[in-house]
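# Residue-level structural notes
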Amino acid sequence: MSGPSNRREFLIRAGKTGLALTGVGGLGLGLFSAGPPPAQPDGQTLPELPSYAAAGTQGRLAVARGGERAQGLEAALKALGGMEQFVKSGERVLIKVNAAFASPPAVCATTHPQILAALIDLCRRAGAKSILVTDNPIQDPLSCFELSGLAAAARSGGAELLLPRPEAFRRYTLPGGRLIVDWPVLAEPLLRADRVIGLAPVKDHHRSGASLSMKNWYGLLGGRRNIFHQDIHGIIVELAAMLRPTLVILDGVQSMLRNGPTGGSLSDLKDTGRIIVSTDQVAADACAADLLGKTPAQLPFIARAQATGLGNADWRALGPQEVEASGS
Amino acid sequence: MTIRNVRRLSQAFFLGLFLWLCLVSTLGEVWWRLRGWPVNWFLQLDPLVALATLLAGGALFAGLLWALLTMALTILLGRFFCGWACPMGALNQFIGWLGGRGRKLKERAARNQPHPAQKLKYYILVFLLAAAAGDILGRAGQAGGGVWWLIALGLLALAALAVWQAAGASRRARWGAVILAGVWLVLAWALNGGGIVSGSVLSGLLDPLPLLQRSVSLAILPALDNQGYILGAPRHYGGAWLIAALLAAALGLNLWRPRFYCRFVCPLGALLGLLSRWSWWRMAKREAACRECLACEASCEGACAPSGRLRWSECVLCLNCFQTCGDDLMTYRAEPSAAGESAAPDLLRRGLGWSLLSGAATVPFLRLGGGLARDWPPQAVRPPGALDEARFLARCVRCGQCMRVCPSGVIQPAALQAGLEGLWTPVLNFRIGNGGCLLNCVACGHLCPTSAIRPLSLDEKLGRGAHAGQGPVRIGTAFLDRGRCLPWAMDRPCIVCQENCPVSPKAIHTRLEFRPLRGGERAVSRVEGRKVALSGPALQPGALASGDYFLRVEGQRLRIAANGDREVELASAEGPAAWRAGQAAWLEVRLQLPYVDLAACIGCGACQHECPVSGLAAIRVSAENETRNRARGLLAGAGGNN
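Counting of residues starts from 1 at the beginning of each chain's written sequence and follows it residue by residue. Starting at A for chains and at 1 for ligands, labels are handed out in the order in which the entities are written. Since the coordinates come from a predicted model, pLDDT governs what is reported: local features require at least 70, and pairs of side-chain atoms require 80 or more to be given and counted, while whole-chain, interface and lining totals use all residues. Here the side-chain values reflect all heavy atoms present in the structure, with hydrogen atoms and water set aside.

### Quick word on the overall build of chain B
In DSSP terms, a helix is any run of H or I states spanning at least four residues, a strand is any run of E spanning at least two, and both are numbered starting from the N terminus. For chain B, the count of helices and strands is 25 helices and 14 strands. Dimensions of chain B along its principal axes, counting C-alpha atoms only, are 120 × 60 × 45 Å. Burial classes follow relative accessibility: with a 1.4 Å probe on protein chains only, a residue under 20% of its type's maximum area counts as buried, one over 50% as exposed, and anything between as partly exposed. When burial is assessed residue by residue, chain B has 55% of its 642 residues classed as buried. Contact definition: two residues touch when any of their heavy atoms are within 4.5 Å. Here the analysis covers contacts within chain B between residues at least 6 apart in sequence; of these, 74% occur between residues at least 24 apart.

### With respect to the overall build of chain A
Within chain A, the secondary structure is distributed over nine helices and 12 strands. C-alpha atoms define the radius of gyration, and 2.2 Å times the number of residues to the power 0.38 defines the globule rule. Relative to its length of 328 residues, chain A is extended, with a C-alpha radius of gyration of 26 Å against a globular reference of 20 Å. Judged by the C-alpha coordinates and their principal axes, chain A covers about 110 × 40 × 40 Å. Residues counted as buried form 53% of the 328 residues belonging to chain A. Counted over contacts in chain A with a minimum sequence separation of 6, partners at least 24 positions apart contribute 75%.

### Some remarks on the side chain of Arg195(A)
Residues and elements named next belong to chain A. Structurally, Arg195 can be placed in strand β8 (residues 195-205). Pairs of N or O atoms within 3.5 Å make up the polar contacts considered here, provided that, within protein, one atom can donate a hydrogen while the other can accept it, and that residues adjacent in sequence are counted only when both atoms are side-chain atoms. For Arg195, the side chain forms a polar contact with the side chain of Glu91, separated by 3.0 Å. In this structure Arg195 touches Tyr52, Ala53, Ala54, Phe86, Val87, Glu91, Arg92, Val93, Leu94 and Thr246, once residues within four positions along its chain are discounted.

### Some remarks on the pairing of strand β3 (residues 92-97) of chain A
Residue and element names in this part refer to chain A. Counting buried positions along β3 gives five out of six residues, so the element sits mostly inside the fold. Traced from β3 through helix α3 (residues 113-125) to strand β4 (residues 130-134), the parallel crossover comes out right-handed. Here, a strand pair is defined by DSSP locating no fewer than two bridges between the strands. Where β3 lies against β8, five bridges are found, and the strand directions are parallel. Bridging from a neighbouring strand, Ile95 pairs with Ile197 of β8. Note on handedness: a crossover is taken as right-handed if, strands pointing away from the viewer, the path from the first strand over the helix to the second is clockwise.

### What about the sheet that holds strand β9 (residues 531-534) of chain B?
Residues and elements named next belong to chain B. Read once around its circumference, the closed barrel built from six strands follows the order β8-β9-β12-β11-β10-β13, with strand pairing classed as antiparallel. Averaged over all pairs of adjacent strands, the angle between their axes in this sheet comes to 45°, without regard to strand direction. In terms of strand pairing, strand β8 (residues 508-528) meets strand β13 (residues 584-596) through 12 bridges, oriented antiparallel. Within β13, the residue paired with Leu512 across the bridge is Gln592. Angles shown run from 0 to 180 degrees and are taken between the N-to-C directions of axes, each axis being a line fitted to C-alpha atoms and, for helices, limited to the stretch in contact.

### Thoughts on the sheet that holds strand β1 (residues 45-46) of chain A
All names here are of chain A. Taken together, three strands build an open sheet; the order of strands is β1-β6-β7 and the sheet is mixed. The open sheet has two free edges, formed respectively by β1 and β7 (183-186), since each of these has just one partner strand. As paired strands, β1 and strand β6 (residues 169-172) are joined by two bridges and run parallel to one another. Residue pairing across strands places Leu46 opposite Tyr172, the latter belonging to β6.

### Some details on the interface of chain B and chain A
At the interface, 37 residues of chain B touch 37 residues of chain A. Between chain B and chain A, a total of about 2900 Å² is buried, with carbon and sulfur atoms accounting for 48% of that surface. Note on definitions: salt bridges are taken to be side-chain nitrogens of Lys or Arg within 4 Å of carboxyl oxygens of Asp or Glu. Linking chain B with chain A are one salt bridge. On inspection of chain B and its partner chain A, the count reaches 18 residue pairs in polar contact (both at pLDDT 80 or more). Breaking the side of chain B that touches chain A down by element, the ones donating at least two residues are α24 (496-500) and α25 (606-610) of chain B. If one sorts the elements of the side of chain B that touches chain A by residue count, α24(B) sits on top with four residues. A per-class count over the side of chain B that touches chain A returns 16 nonpolar, 13 polar and eight charged. Buried area: the accessible surface (1.4 Å probe) lost by two parts on joining, summed over both. Gly falls in the polar group here, along with every residue not listed as nonpolar (Ala, Val, Leu, Ile, Met, Phe, Trp, Tyr, Cys, Pro) or charged (Asp, Glu, Lys, Arg).

### Focus on the pattern of salt bridges
Counting across every chain of the model gives 40 salt bridges over all chains. Across the pair Asp251(A) and Arg69(A) runs a salt bridge whose closest N-O atoms are separated by 2.6 Å. One end of the pair, Asp251(A), is in strand β10 (residues 247-256); the other, Arg69(A), is in helix α2 (residues 69-79), with 182 residues separating them in the sequence. Summarising the burial analysis for this pair, Asp251(A) and Arg69(A) share the class buried. The shortest N-O distance in the salt bridge between Arg391(B) and Asp388(B) comes to 2.6 Å. Three or more residues are tied together by salt bridges with common partners; here these are Glu160(A), Arg165(A), Glu167(A), Glu188(A) and Arg192(A).

### Section: the pairing of β6(A)
Alignment of β6(A) against β7(A), held across four bridges, turns out to be antiparallel. Looking at β7(A), one finds that Arg171(A) is bridged to Pro184(A).

### Thoughts on the nonpolar core
Residues and elements named next belong to chain B. In this description, a nonpolar core means a group of buried Ala, Val, Leu, Ile, Met, Phe, Trp, Tyr and Cys residues linked to one another through side-chain atoms lying within 4.5 Å. In terms of nonpolar packing, the biggest core is built from 91 residues, with Phe81, Met88, Met283 and Leu317 touching the most fellow members. In terms of residue count, helix α8 (residues 120-132) provides more of this core than any other element does, 10 residues in total. In terms of domain composition, this core takes at least three residues from each of domain 1 (3-124 + 205-339) and domain 2 (400-475). Residues in contact with Met283, not counting those within four places in the same chain, are Leu310, Trp312, Cys315, Leu317, Leu319, Cys321, Phe322, Thr331 and Tyr332. Each domain's extent was defined by an automatic or database domain assignment.

### Here's the deal with the packing of helix α6 (residues 87-100) of chain B against helix α12 (residues 208-225) of chain B
All names here are of chain B. For the pair α6 and α12, interaxial distance at closest approach is 8 Å and the crossing angle is 80°. The orientation of α6 relative to α12 falls into the category roughly perpendicular. When α6 is examined against α12, the residues Pro87, Met88 and Leu91 are found in contact with a partner set consisting of Pro208, Leu209, Leu211 and Leu212. In the contact of α6 with α12, the residues fall into seven nonpolar, no polar and no charged. Each angle receives one of four descriptions, namely roughly parallel if under 35 degrees, roughly antiparallel if over 145, roughly perpendicular if within 65 to 115, and oblique otherwise.

### Points about the packing of helix α3 (residues 47-57) of chain B against α8(B)
Residues and elements named next belong to chain B. Two numbers describe how α3 lies on α8: the axes approach to 7 Å, and their chain directions differ by 35°. On the side of α3, the interface is formed by Leu48, Leu51, Ala52, Leu55 and Ala56, while α8 contributes Leu125, Leu129 and Ala132. Residue composition of the contact of α3 with α8, by class: eight nonpolar, no polar and no charged.

### Section: the packing of aromatic side chains
Residues and elements named next belong to chain B. Stacked, tilted and edge-to-face pairs are distinguished by plane angle, under 30 degrees for stacked and over 60 for edge-to-face with tilted covering the rest, among Phe, Tyr and Trp rings (Trp via its six-membered ring) whose centres lie within 6.5 Å. Taken as a whole, this structure holds 15 aromatic pairs over all chains when the rule is applied. Centroid distance Phe18 to Phe42: 5.3 Å. Interplanar angle 85°. Geometry classified as edge-to-face. Of this pair, Phe18 sits in helix α1 (residues 3-23) while Phe42 sits in helix α2 (residues 41-45), placing them 24 residues apart in sequence. Neither Phe18 nor Phe42 differs from the other in exposure class; each is buried.

### A closer look at α2(A)
Every α-helical turn comprises 3.6 residues, leaving residues that sit three or four positions apart pointing alike. Buried residues of α2(A): Arg69(A), Gly72(A), Leu73(A), Ala75(A), Ala76(A) and Leu77(A), and no others. Buried-residue contacts for α2(A) involve β2 (61-65), α3, β10, β11 (269-278) and β12 (321-324) of chain A.

### What about unusual backbone geometry?
With omega at 0°, the peptide bond leading from Gly260(A) into Pro261(A) counts as cis. Relative to the helices and strands, Pro261(A) is located in the loop between β10 and β11. For the peptide bond that leads from Ser504(B) to Pro505(B), omega is -10°, which places it in the cis range. Positionally, Pro505(B) belongs in the loop between α24 and β8. The phi torsion at Glu292(B) lies on the positive side, around 55°, for a residue other than glycine. Mapped onto the fold, Glu292(B) is located in the loop between β1 (282-285) and α16 (295-298).

Okay, here's the thing in structure tokens:
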């Protein structure tokens, strides 16, 4: 082995071998891990959620009686000083509807599209820059939003419908929480909003007694959330602690008195003719209990939410505005 | 533009159209979802779908009339469908072309020579049609079969004629036909009874259009769904790997032999090949002699020997010979090729006989196991509107349309849940989808190309309006597994199943029970306002505060609002004042125990899907009491409902 061509060959071969050895060794050392992997995979976590309440608006509640949904909503908000009190020009608003089931609007198992349309309109007129509508329904999301009429209402109002895609969720731990610990939460719409409004129907719920504004936040949970039914009142209270909204709106124009929360028959409904708007979700739920023929004391989550400092179960103490919406 | 490019354009167009129609077979409000698109058009154009369901089901359902167009054009023109329209054919041809690149002309010509195994597809066709014709056979076997005897004998005569022709009218062929007839009749007689002789549409397993539709809908599109495209939500189909593997094998084998599937396997190609023997025009060579340059053979898609004795039943009208012949010797005309042609496939009498008999015998033997009788599979819950099992299997072509369109994604291709005979037929799996069978949805039946699933109206499905008298369509019944149910077995409140039951009034109802906790037998040690101190081991603070726990003393039961390690605080102040130290006290949990109302349950599976016991659910739907098979009813006194 001599001569320049052989030397060149030697160098080339040595270079290739050296590169291969460095590559294999470097890759091995670079990915080396002395310890076992963690017990759980890492996930993106969500920081603590801000309060979405508008400054200086706490403890307000209005009840509108009679009229169409749009009239009732407008009258109740007017009694609270108008939507401008809660949504300022240029703000991004998230409306959390209840779209849990793929059922038609007539059975009132989901937020009624009429009241969603009216709310979108009011937000728009208050100067909202963008309006998001979302929920993580129980059944196929697209079917739920389409069949309930909510998708059409959002579209015609120019609001954006955000479906619960897997990547819209983040793991979240409620500070001091016992149930919402490292749990997937529908985070994307929450992170994209300055204001959050809960818009829920008034429904019977066999396990918790009632599905109202605090229970409406259940639709922000992902994962196998049904295990929380073991402590339904506990989860409702933690949800109310997690989400401090700008407003909650309860549509009690028709209330589902039995067979809830799915309903399915017009005979499950009763005309109760109320729209409740409040900045205090505990007070709103306490006020709506009456529409279902219940007292707040029969709904343990109300007392527990008050004890946790989330609101006032004695809604009459807030000096509620009671207005008539009919006849207009 | 050359005629070959016209053909290529046509293939690209039909392949694109096919894929487009697969893509839009989903529910939604946008224009590229179901919007009156003729999503079943390819399946309807498929004469094998039409013929197999006609033989087995006794009727040519609605849109399947399109198949007559394909047949008529084939009788006029030859196998144009294979070469110009079939999307599977286009894919096969493209991949075969890839495999031929870089090969020498001679090599390519060798790969395109007629192969004896091209007969195989005709045997497959005969097997599948014989399996579908079992119903006619079975009816003839019954006493007083009447007109069915005539039809069966007619079919038998046709089959015998085919055998006769295939082998030439020799003495042995005649005897063969007689023996075949004898075996057929003995089979009909022996296997009849118990409903096991019946037609089954197995053709969908290999028929290229259902095969491709199923593969695209259940394997390819879901892979895109899971990347966030199309549906924007993940989709899962059990056993999709096998569906994909069959497609991959069918496509991959083209690299070995161009149009492998078309030449050796495709039963639709075989059917069109048989039809083409009467075709008016055919490919032909103007003069018998030529330079034998092999240019035509090297690009021949059908392996039909265009330069020699032309196998007309194999020609897919790719027109490559027409295009490549340097001497312009190839033409399309009414007279046979100057170099000779064989219009009919060169089939073996024995092969035909065996495939006919084994096809006719397959279904009875599959059913001898009792899968359609007493040993019917309860886990095979069929979509709402599905016909009773025997008639269902006589129509379902396993195209996967119902599975793709189902908004819940619960309709799944069966592996062996419905028996081997039911491979890839639709069954419901309530774990895999995103909900149960939606109450207000009838999409599956409206997409079914053969009406194996009847197109229901919402009124008929829900048993209201004009259908109020017959009650709702039930696809099964939910059964509680009390050993796995949280309230029943574990003392934990739950009733998610009841909450999600979509029927009004709910088919799942509850009974209230207050159950003493484990270690809940205590005694009052002190009463102080709403606070009651208890004897016994320490409590976990806050564990009884959920609102579901109660303290019972002497028949009075009060809700617990909070607890420390030694005492509980009651929600109401009335009562404890009268309680005294030393009294026996029970810590209790308030449980709502779920029950299923047999008369109300429709088997939609919402309960099973939502059950928090997410592995083997504590409430599960099986097919008992389904409306489609009356013999599986459970409800006494339901009359016609059962």
